[in-house]
Amino acid sequence: MINELFNLSDKVALVTGGSHGIGMAIAKVLGKAGAKICINGTSRERLDACIDEYKKEGIDVYTLVFDVTDEKQVDEGITKIEKEVGAIDILVNNAGIIKRVPILDMAVEDFKKVIDVDLVGPFIVSKRVVPKMIEKRSGKIINLCSMMSEYGRYSVSAYASAKGGLKLLTQNMTCEWAKYNIQINGLAPGYIATEQTAPIREGGHPFNDLVMTRTPAGRWGEPEDVGNAALFLASKASDFVNGHMLYVDGGILANFGYVKGENETD
Ligand code: NAP
Ligand code: GCO
């Protein structure tokens, strides 16, 4: 049956950074597909504040505070999940930050901080979660990469370096863990309307015009667009997809760009 392919009712999912944005959208879709949903973040207030939003969708979300860059906190958090909810079947390494600063102005510690959260964090969490997946000979790991895994742009050197690295970490995880029937893939959004992009999307920021002209779909993505694609990578339907980068970008990576007005529909 087709819907059996996307039935996650016997699965436990951890979505890091699930209190809002793309993480919440992914967690909601996986929850609606039947998975038991666990989310973390660094802010207890934000985690408490999102519980009702999940409840509205019929999802009893399990929340805990741990910083993905802190090995001890990650170990304690995953141990708690394994004890109180169950071994994690689906891990979504979604937690991430960005700092938009030109290289010459960027403090080394700020560069390292972005790398720590966006690249080392997925390494730490995956390394702690995967032993039970290996034992079970089954698991799904989804790493939130980006179109910046392929492109640089002015002021996002740390972020693009981390997301480029995460693309290759995804491939290396595949080389080491696919033989245990674990599928590890990159989920790579284009420009999505969340808090993270609000500074370059709102208030008439010129970057908004760039995204609108460079994206063939002619719109910003919504978190739900990414969530829906995550369901495929979390389900049986992707059991032979591994080390892949699934772009959810409205076609931006396919498009070099065009001159406004050359398109008769402009
Ligand atoms: P967001 O709104 O800034 O949310 C980021 C989430 O990560 C928050 O829930 C935050 O929770 C959590 N987080 C940050 N640092 C953490 C840490 N050290 N430990 C644990 N949790 C941490 O971001 P978003 O736009 O939803 O993006 C989510 C992911 O998609 C990120 O990896 C981002 O790089 C990627 N992405 C976004 C876009 C886009 O256009 N928005 C495009 C491509 C890729 P707290 O607030 O509790 O810390
Ligand atoms: C930026 C944006 C991007 C998005 C996303 C694009 O400043 O260019 O924040 O980095 O977050 O990663 O896919």
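Residues numbered from 1 in each chain as written. Chains lettered and ligands numbered in written order. Predicted model: local features only at pLDDT ≥ 70, side-chain atom pairs only at ≥ 80, totals over all residues. Heavy atoms only, no water.

**As for the site of ligand 2**
Thought 1: Taken together, 14 residues sit near ligand 2, with Arg 100, Ser 146, Arg 153, Tyr 159 and Gln 196 positioned nearest.
Thought 2: With respect to ligand 2, the side chain of Ser 146 contributes an N or O atom lying 2.8 Å from an oxygen atom.
Thought 3: Between ligand 2 and the protein, one listed contact pairs an oxygen atom with a side-chain N or O atom of Tyr 159 at 2.7 Å.
Thought 4: Burial of ligand 2 by the surrounding chains reaches 97%, relative to a free accessible area of 330 Å².
Thought 5: Put simply, ligand 2 lies in the largest pocket.
Thought 6: Looking at the shell around ligand 2 residue by residue, the class counts come to eight nonpolar, four polar and two charged. (Near = heavy atom within 4 Å. Polar contact = N/O pair within 3.5 Å; in protein donor to acceptor, adjacent residues only side chain to side chain. Areas by Shrake-Rupley, 256 points an atom, 1.4 Å probe, with all protein chains shown as cover. 1 Å grid on protein atoms, 1.4 Å probe; cavity = no way out; pocket = protein on both sides within 12 Å on 5 of 7 lines; lining within 4 Å. Sits in = over half its atoms within 2 Å of the grid points. Nonpolar A, V, L, I, M, F, W, Y, C, P; charged D, E, K, R; others polar.)

**A few points about the site of ligand 1**
Thought 1: In the vicinity of ligand 1 there are 30 residues, among which Ile 22, Thr 42, Asn 94, Tyr 159 and Thr 194 approach most closely.
Thought 2: Residue Asp 67 places a side-chain N or O atom 3.0 Å away from a nitrogen atom belonging to ligand 1.
Thought 3: Thr 194 places a side-chain nitrogen or oxygen 2.5 Å from an oxygen atom of ligand 1.
Thought 4: When the free accessible area of ligand 1 is taken as 890 Å², the share hidden by the protein chains comes to 92%.
Thought 5: Judged by the fraction of its atoms near the pocket grid, ligand 1 is located in the largest pocket.
Thought 6: Mapped onto the shell around ligand 1, the elements with two or more residues apiece are α2 (21-32), β2 (36-41) and α6 (157-177). (Helix = DSSP H or I, 4+ residues; strand = E, 2+ residues; numbered from the N terminus.)

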